[in-house]
Amino acid sequence: MEQTEIKTIWNRSFVLILIVNILSTLGIFMMNSTITPYATILGAGASLAGIVSGLYYVFAMVFRPLSGIAANRVSRRNTYLLFAAVMFVTAVVMYATTSITVVTIFRLIQGIGYCFITTVTMALATELVPQDHLGEGIACFGLAQIISTSVGPAIGLFLSQVIGYRNIYLVAAGLFLLSVPLCARIQTTYVPAYTGGLFSGVSLKEIVAPESIRPACVGMFFGMLNSVLMSYIALYAASLDIGGASGYFLVNGAAMFVSRTITKSFADKKTLGFVAALSGFFLIAAMVILGLGHSTAALLLAGGVFGIGYGILLPVTQTNCVRRPPMERRGSGTSTYSLGIDLGFSIGTMIAGVIADSLGYSKMFLCFVIPGIIAVIIALCDDYILRHQDAEAS
């Protein structure tokens, strides 16, 4: 069933989903940015810490197709409420223990909650904006996410010095709890057309949206770069005995906010290839700066440069993944995008840990120039394929 027409982006329910997204993502990234150094404190080496961090994304990746099916077939609002409760419980358990084994197990469960929450919040947001301004709506949704993904790691690293890593999980639990009554107040008139069992008659298109594969691959390879920065920037700064790890995330977030605000119309007006080439220049440059620079200034500069590129990129890859499938498979398009990000993060963090142990952090950053180049090539190929299809259709 189609949703009732929505005439303005800034309606009450869309504002509520923005706040819910900020709270949940803030909690998620507070934990994501501190789990690697926390694992080392509990006795893990760089490789094992990378595995603990990476397996979180592996579990998210495995369950991601199920989250897309759920977003297509059942209430997206109720699905969020269920998995916000999952995240709350796991965060409380991780607060209550200092065992690396228990932390690892519940970190994997968090990966499942993360995949459902990120899928359904974006799919829900697409219901709550005018469809002729979908790209702008997703860009605004992403701006809210930028606030939490930049402030979250910075708060997490700051709190780790003030209250310790363990208490960060209690703070995150509080954020998930706070998001629940706000999400419950969201009003949505879109009703999934499917009335059968949740997983009965599942088609391949519901698991992975074929229309979204290429933009999801672009997000995957660029996501590998982001995963390395998210997981290892604090350890890199510590290895050089320099400050700026929390400052990196703040500068990164500010740059993303500014670049996304300026270029938010790109999602509706520019091709994926154009945007990937433009943003790729900044993202690759940031990895080179980190690989060759060994100072707080280089760290902060890299944060700003990477933020500019990622702020330009994200709305376009997200919009292409969500817009290409029809409304009844928007959940699949969203999960396909997120599946690419999960795959990039899981592969990126684990490979990075091995490289860091073997070659050191500087060479590790330089090695991740390669996935950035691959992402640009895929996006340019996508432009060529779409132009060819349009020429054939005309």
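Details of the structure are given in the entry above.
Residues numbered from 1 in each chain as written. Predicted model: local features only at pLDDT ≥ 70, side-chain atom pairs only at ≥ 80, totals over all residues. Heavy atoms only, no water.

> Which residues make up the state of the cysteines, and what values go with them?
Tallied over the entire structure, the rule returns zero disulfides. A disulfide-free cysteine, C381 has its sulfur positioned 11 Å from the sulfur of C217, the nearest such atom. The partly exposed category is assigned to C381, whose relative accessible area is 41%. (Disulfide = S-S within 2.5 Å. Buried < 20%, exposed > 50% of the residue type's maximum accessible area, 1.4 Å probe, protein only.)

> Provide a residue-level description of helix 10 (residues 245-262), including the pertinent values.
For helix 10, spanning 18 residues, the distance from its first C-alpha to its last is 26 Å, which sits close to the expected 26 Å at 1.5 Å a residue. Those residues of helix 10 that fall on the buried side of the exposure criterion are A245, G247, Y248, F249, N252, G253, A255, M256, S259 and R260. (Helix = DSSP H or I, 4+ residues; strand = E, 2+ residues; numbered from the N terminus. Expected span 1.5 Å × (residues − 1).)

> An account of the pattern of salt bridges is needed here, citing residue identities and associated values.
According to the stated counting rule, one finds three salt bridges in the structure shown. Here R214 and D382 are joined by a salt bridge, their closest N and O atoms 2.5 Å apart. One end of the pair, R214, is in helix 9 (residues 213-240); the other, D382, is in helix 16 (residues 369-393), with 168 residues separating them in the sequence. On the accessibility criterion, D382 (0% relative accessible area) is buried. (Salt bridge = Lys/Arg side-chain N within 4 Å of Asp/Glu carboxyl O.)

> Before we move on, could you go through the side chain of S332 and cite the residues and values that matter?
Tracing the backbone through its elements, the reader meets S332 in helix 14 (residues 330-359). Those residues in contact with S332 that lie beyond four places of it in its chain are G68, N72, K205, E206 and A209. (Contact = heavy atoms within 4.5 Å.)

> Got a sec to walk through the environment of L128? Specific residues and values, please.
Its location among the elements puts L128 in the loop between helix 5 (100-127) and helix 6 (134-162). Each C-alpha atom, one on L128 and one on N11, is 7.8 Å from the other, the two residues being 117 residues apart in sequence.

> Help me get a handle on a nonpolar patch on the surface, residues and values and all.
Taken together, the side chains of I147, F257, V258 and I262 present a nonpolar region at the surface, about 370 Å² in accessible area. By residue number, the principal contributor to the nonpolar patch is helix 10, which donates three residues. Mapped onto the secondary structure, I262 falls in helix 10. (Patch = residues over 30% accessible without salt bridge, like charges linked within 9 Å, V, L, I, M, F, W, Y side chains within 5 Å. Areas by Shrake-Rupley, 256 points an atom, 1.4 Å probe, with all protein chains shown as cover.)

> I'd like a rundown of the nonpolar core, residues and numbers included.
Judged by nonpolar contacts, the single largest core of 112 residues is most densely connected at F14, I17, F222, I233, F306, M364 and F365. The element contributing the most residues to this core is helix 9, with 16 residues. Every residue in contact with I17, bar those within four places of it in the chain, is listed here: T121, L124, A125, L128, F141 and I186. (Core = buried A, V, L, I, M, F, W, Y, C linked by side-chain atoms within 4.5 Å.)

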